[in-house]
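Each chain, letter by letter, is given below.
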Amino acid sequence: EVYFENKAKTREKSFEIITCTRFDFPHKGFLLGLLEDYEELKARHPQIRLTIIGYGKDEETLLNKINTLSKEAKDGITLVGRVNPYDLHNYFEKCHLNIGLAGALFDGATCAVPSLCVRHFTNSCETYGFVSDMEGTFLRDDPGMGIKPFIEKAITLSDEDYIKQTKT
């Protein structure tokens with residue numbers, strides 16, 4: 001219980017978003033859209049940071065996109081590279097919000113990280129909401145909702161509501 005309380009309280013000082021995906025666009029193009037949304041949110045919530053775990057054939061596209069971002073946004077991004085699946089929990093445990101699809105989505109959710117399911121095969125970052133609120137399939141390409149309000153909700157939830165979200 002203390003673990004969840006401590007995690008909730010640290011969000012005001014440093015809010016860590018994590019995504020773990022293969023750099024394969026447009027299949028995992030949500031990552032490109034996430035960078036744009038992250039940059040906009042970073043201006044309003046300077047404490048947010050983005051950790052990107054992954055690798056793939058389109059790494060150069062990702063790096064080029066990152067280089068278009070503001071200095072503040074770039075400074076808040078950590079590129080981890082390839083991680084052994086057995087070590088992923090070490091990264092998820094440090095984060096406050098997981099954004100992804102398929103396996104990595106559930107890896108974060110099973111580590112008690114509030115997790116947003118995103119649309120694949122689009123370069124925008126569209127969500128279907130928190131995994132805990134969803135039913136049906138989790139690998140979707142139908143239009144979703146803009147992700148920024150969901151990220152801001154995770155940032156601004158009361159500590160009590162954030163803890164509830166981690167346990168759902």
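What counts and how
- Residues numbered from 1 in each chain as written.
- Predicted model: local features only at pLDDT ≥ 70, side-chain atom pairs only at ≥ 80, totals over all residues.
- Heavy atoms only, no water.
- Salt bridge = Lys/Arg side-chain N within 4 Å of Asp/Glu carboxyl O.
- Helix = DSSP H or I, 4+ residues; strand = E, 2+ residues; numbered from the N terminus.
- Buried < 20%, exposed > 50% of the residue type's maximum accessible area, 1.4 Å probe, protein only.

(A) Quick look at the pattern of salt bridges. Applying the stated criterion to the full structure yields 16 salt bridges. Here Glu1 and Lys167 are joined by a salt bridge, their closest N and O atoms 2.6 Å apart. Of this pair, Glu1 sits in the segment before α1 (2-10) while Lys167 sits in helix α8 (residues 159-167), and the two are 166 residues apart along the sequence. A salt bridge links Lys71 to Asp75; the shortest N-O distance between them is 2.6 Å. On the criterion of helical spacing, the pair formed by Lys71 and Asp75 is a turn pair, its members being four residues apart in helix α4 (residues 71-75). With a relative accessible area of 56%, Lys71 lands in the exposed category. The exposure class assigned to Asp75 is partly exposed, which follows from its relative accessible area of 46%. The structure contains a network of salt bridges with shared partners spanning Arg22, Asp24, Lys57 and Asp58.

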